[in-house]
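# Commentary on secondary and tertiary structure
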Amino acid sequence: MKRQVFFFVLMACTILGCELGEDDIDPQVFIYGDWKLLNTDELARNLFYGTDGANIEETYAFYDDGSFVKSRVSNKGQAVAQGNFKVAPLSASDDGALVRLEYAAENERLRGGCATEPRVEWLVLNRNGSLSSKLEISCQAPYLLYDKILP
């Protein structure tokens, strides 16, 4: 039933153009599903991934049990990592909800950004419904933007 309600809200927001700040959208639920990297421009690929302009496909899958899977496909092959995540609530002063990802020890190689906490990556679930690495800009990591893949 929970998935049916989520799907209905997601479809309504797709058609009507909801944003995360609205009362009917809960970032704790909206995060669930698959997200695909949008800005695979050459500069971001070269700086962050060191792939010399190769095409990168990167996705996150967030599940309602608090787990996630990150997948990256490039000219170097496919890599998969997993762990657990938590979403902080939206506040009036925020640009969105913070998403804290903690990778399993053996899966840390795909961790993005430069958080000082071992195995931790931070993302922002933006009020416009996108997911980004906005918090990690201060450490010279490129700004990566992800969009939700609709079922």
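See above for the structure.
Per chain, the residues get numbers from 1 upward, laid out in the order the sequence is written. Reporting in this predicted model follows two pLDDT cut-offs: at least 70 for local features of residues, and 80 or more for side-chain atom pairs to be given and counted; totals over whole chains, interfaces and linings ignore these cut-offs and use all residues. Excluded from the side-chain calculation are hydrogens and water; included are all heavy atoms of the structure.

### Considering the nonpolar core
- Residue types Ala, Val, Leu, Ile, Met, Phe, Trp, Tyr and Cys, when buried and joined through side-chain atoms within 4.5 Å, form a set referred to as a nonpolar core. Whether a residue is buried, partly exposed or exposed follows from its accessible area with a 1.4 Å probe, protein chains only, as a fraction of its type maximum: under 20%, in between, or over 50%, in that order. Of all hydrophobic cores here, the largest spans 23 residues; its most connected members are Ile31, Tyr60, Phe62, Val99 and Leu131.
- Listed by contribution, the elements that provide at least two residues to this core are β1 (33-37), β2 (57-62), β4 (77-87), β5 (96-103) and β6 (120-126).
- Residues contacting Val99, with those up to four places away along its chain left out, are Ile31, Phe62, Phe85, Lys86, Val87, Glu121, Trp122, Leu123, Leu125 and Leu131. Helical segments are the DSSP runs of H or I of at least four residues, strand segments are the runs of E of at least two, and each set is numbered from the N terminus. By definition in these notes, contact holds between two residues if any of their heavy atoms fall within 4.5 Å.

### Observations concerning unusual backbone geometry
- One non-glycine residue, Arg119, lies in the positive phi region at around 65°.
- Assignment of secondary structure puts Arg119 in the loop between β5 and β6.
- For Arg119, a relative accessible area of 28% gives the class partly exposed.

### Looking at the pattern of salt bridges
- We define a salt bridge as a contact between a side-chain nitrogen of Lys or Arg and a carboxyl oxygen of Asp or Glu at a distance within 4 Å. Under the criterion given, the structure shown has four salt bridges.
- Across the pair Glu102 and Arg100 runs a salt bridge, and its minimum N-O distance is 3.1 Å.
- By relative accessible area, which is 30% here, Glu102 ends up partly exposed.
- Given the relative accessible area of 23%, Arg100 is considered partly exposed.
- Notably, a salt bridge pairs Glu102 with Arg119, separated by 3.0 Å at the nearest N-O pair.

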